[in-house]
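Reading the structure
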Amino acid sequence: MPPAIHPEPTHTVEEQKQPSEVITLLSSRELERMRKACQMAAQLLDYLTPFVKPGVTTQKLNDLAEAWTKQRGAKSAPLGYAGTVMPFPRSICTSINEVICHGIPNSDDVLRDGDIINIDVTPIVDGYHGDTSRTFLVGDPSPQARRLVEVTEESMWRGIRAVKPGARVGDIGAAIQAYAEAEGYSVVRDFVGHGVHRIFHAAPQIPHYGERGKGKKLRPGMVFTIEPMINIGTHEAEILADGWTAITTDRQLSAQFEHTVAVTKDGVDVLTLSPAKVLA
């Protein structure tokens, strides 16, 4: 989802001049509530995993996700999320092949053998957002597609390993960019990670490219997503007429992985790890 950054004055915040740059620092109690939402997000992706196969429509995946979420008393944050053209009309994002992000599920998109698809989910549990995504292999993709997915997942982990108190936001992007570009891929610049808690998209923004030692300093209690989008060809994107779907301008493949992480006094806590250790 596009960043929508707002202050949250009821929490402890890092003082900034602009309200849109206010960073929320979560208490230990709030972090446990975030963990509950994030674990539900990971479990939702685990639940969807066996359904990602040739012949299944993205609408079917959406309907399964929505029913699963409702059964557990949670809400789907993407559904009705405000956009420039229209509110997002589905409960999850499904981005196939050249779609970078924000693909809209529909009954016409049927998964085919050889596809790759990113599924992005964000359940709201007791007011907190759990945000995570994975790129899945459908059937038997080409070696080129498999390698892109492997590099994208490792790029995310390189960024996560850069998180620790006193580090800078730029350290995360630099780690991702250095690895992905060394492997011959490009890093999308039009979409970034973001703070997340009671607000879906909050400060700080987390670019997946950048310079070490630059950007805001990381502090315990900060919670944000790291969600690199890595392309085979150019990093450039275009938005379709629906106002949401972002695709590569050269129509080459794109992949993405996303975790929500918390900065701790000792390093980083990955809140959206799969309890079943499925994929990422």
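The preceding data block contains the structure.
Just so it is clear, the structure is predicted and the values come from calculations on it, not from any experiment.

On to unusual backbone geometry, then. For the bond running from Ala203 to Pro204, omega is 0 degrees, close enough to zero to count as cis. Mapped onto the fold, Pro204 is located in strand β12 (residues 202-206). Even without a glycine there, the phi angle at Asn97 is positive, about 55 degrees. Summarising the element assignment, Asn97 is placed in the loop between β4 (93-96) and β5 (99-101). On the accessibility criterion, Asn97 (11% relative accessible area) is buried.

Between its first and last C-alpha, helix α1 (residues 28-48) extends 30 Å over 21 residues, near the 30 Å set by a 1.5 Å rise per residue. Taken together, the buried positions of α1 are Glu30, Leu31, Met34, Ala37, Cys38, Met40, Ala41, Ala42, Leu44, Leu45, Asp46 and Leu48.

All right, on to the pairing of strand β18 (residues 259-263) then. With five of its five residues buried, β18 lies for the most part within the structure. Because side chains alternate across β18, one face comprises the buried residues His259, Val261 and Val263, and the other comprises Thr260 and Ala262, equally buried. With four bridges joining them, strand β13 (residues 223-226) and β18 adopt antiparallel strand pairing. Along β18, the bridge assignment pairs Thr225 with Thr260. Where β18 and strand β19 (residues 268-270) come together, three bridges link them in antiparallel fashion. Looking at β19, one finds that Val261 is bridged to Val270. Where β18 folds back onto β19 in an antiparallel hairpin, the turn is made up of four residues.

Each value, and the rule that gives it
- Here the residue index of a chain counts from 1 through its sequence in written order.
- Given that the model is predicted, a residue must reach a pLDDT of at least 70 before its local features are reported, and side-chain atom pairs must reach 80 or more before they are shown or counted; all residues, however, enter totals for whole chains, interfaces and linings.
- Water and hydrogen atoms were dropped before computing side-chain values, which therefore reflect all heavy atoms in the structure.
- Numbered from the N terminus, helices here are DSSP runs of H or I no shorter than four residues, and strands are runs of E no shorter than two.
- Only protein chains enter the accessibility calculation, which uses a 1.4 Å probe. A residue is then buried if its area is under 20% of the maximum for its type, exposed if over 50%, and partly exposed in between.
- What a helix is expected to span follows from its residue count: subtract one and scale by 1.5 Å.
- When DSSP finds two or more bridges between two strands, those strands count as paired.

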